[in-house]
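Close look at the chain arrangement
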Amino acid sequence: MNKSTIDWTEYSWNPITGCTKFSPGCKNCYAERIAKWLKGMKNKRYKNGFQTTCHSDLLNEPLKTKKGREIFVCSMSDILHKDVPDFFVKSIFQTMCRASQHRFYVLTKRSDRLHSLRNELAWRDNIWMGVTVESEDYLYRIDHLRDTDAAVKFLSIEPLLGPLPN
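Summary of the structure given here. All values reported here derive from a predicted model rather than from experimental measurement.

Along its length, the protein chain carries four helices and eight strands. Each helix and strand of the protein chain, ordered N terminal to C terminal, gives the series β-β-β-α-β-β-α-β-α-β-α-β. For 166 residues, the compact-globule formula gives about 15 Å, and the C-alpha radius of gyration of the protein chain, at 15 Å, lands near that figure. A principal-axis box enclosing the C-alpha atoms of the protein chain has dimensions of 45 × 35 × 30 Å. Taken over 166 residues, the protein chain has a buried fraction of 50%. Taking all contacts inside the protein chain whose residues are at least 6 apart in sequence as the whole, residues at least 24 apart take part in 75%. Averaging the coordinates of the 26 positive side-chain charges in the protein chain and doing the same for the 19 negative ones gives two points 8 Å apart.

Structure representation (structure tokens):
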């Protein structure tokens, strides 16, 4: 886990790195720019650049810290990317359940996969689930989020690329 400069969280945990563009909200992806820089710095986690990569050796990282933290999960990827196997997504959720001293923030644009896996994921009160809605075209993501058993659900409207209804 790494200390985060994001103002709404303390740490980031990236058992997955890399992603692919999925919707207009991905156009100016900060993670892609950072990954390119980290690859240039010879960071071993980014030897594949921004290609989706699972890091199984990081799965238990949150269990090493006893003091409760606020942790953004997969800030350098999307946990529900199509190239991440179901078992790996479930393993991340199992770790979050076991590390109940922490609050985990999980954010995705891939709400269709969230919807299809929702009953197979282990949900606890410390797992906050969110979806990105960048315009009216992506309001369906909210319905997918509603169908989960996440105790706390949130929306990210960054970047906001078009109007949303009142």
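What follows continues from the structure just given.
In the structure shown here, the tally under the stated rule is eight aromatic pairs. Between W13 and F104, the ring centres sit 5.8 Å apart and the planes meet at 55 degrees, which makes this aromatic pair tilted. Within this pair, whereas W13 is found in strand β2 (residues 11-13), its partner F104 is found in strand β6 (residues 103-108), the two being separated by 91 residues in sequence. Across this residue pair, the class does not change: W13 and F104 are buried. Taking 5.4 Å as the distance between ring centres and 85 degrees as the angle between the ring planes, the aromatic pair formed by Y105 and W128 counts as edge-to-face. Separated by 23 residues along the polypeptide, Y105 in strand β6 and W128 in strand β7 (residues 127-132) bring together distant segments of the chain. A relative accessible area of 7% means that Y105 is categorised as buried. What makes W128 partly exposed here is its relative accessible area of 23%. Here a set of aromatic residues connected by ring pairs shows up, and it is made of W8, F72, Y105, W128 and F154.

Before going further, it helps to examine the pattern of salt bridges. Side-chain pairs of opposite charge can arise where the charged atoms are in close proximity. In total, this model carries 10 salt bridges according to the counting rule given. The partner of R103 in a salt bridge is E70, with the nearest N and O atoms 2.9 Å apart. Residue R103 is found in strand β6, and its partner E70 is found in strand β5 (residues 70-73); the two are separated by 33 residues along the sequence. A salt bridge links D78 to R110; its shortest N-O distance comes to 3.2 Å. One end of the pair, D78, is in the loop between β5 and α2 (86-98); the other, R110, is in the loop between β6 and α3 (111-117), with 32 residues separating them in the sequence. A single burial state applies to D78 and to R110, both of which are buried.

What counts and how
- Residues numbered from 1 in each chain as written.
- Predicted model: local features only at pLDDT ≥ 70, side-chain atom pairs only at ≥ 80, totals over all residues.
- Heavy atoms only, no water.
- Helix = DSSP H or I, 4+ residues; strand = E, 2+ residues; numbered from the N terminus.
- Rg over C-alpha atoms; globule rule 2.2 N^0.38 Å.
- Buried < 20%, exposed > 50% of the residue type's maximum accessible area, 1.4 Å probe, protein only.
- Contact = heavy atoms within 4.5 Å.
- Lys, Arg positive; Asp, Glu negative; His and termini not counted.
- Charge placed at Lys NZ, Arg CZ, Asp CG, Glu CD.
- Phe/Tyr/Trp six-rings, centres within 6.5 Å; stacked < 30°, edge-to-face > 60°.
- Salt bridge = Lys/Arg side-chain N within 4 Å of Asp/Glu carboxyl O.

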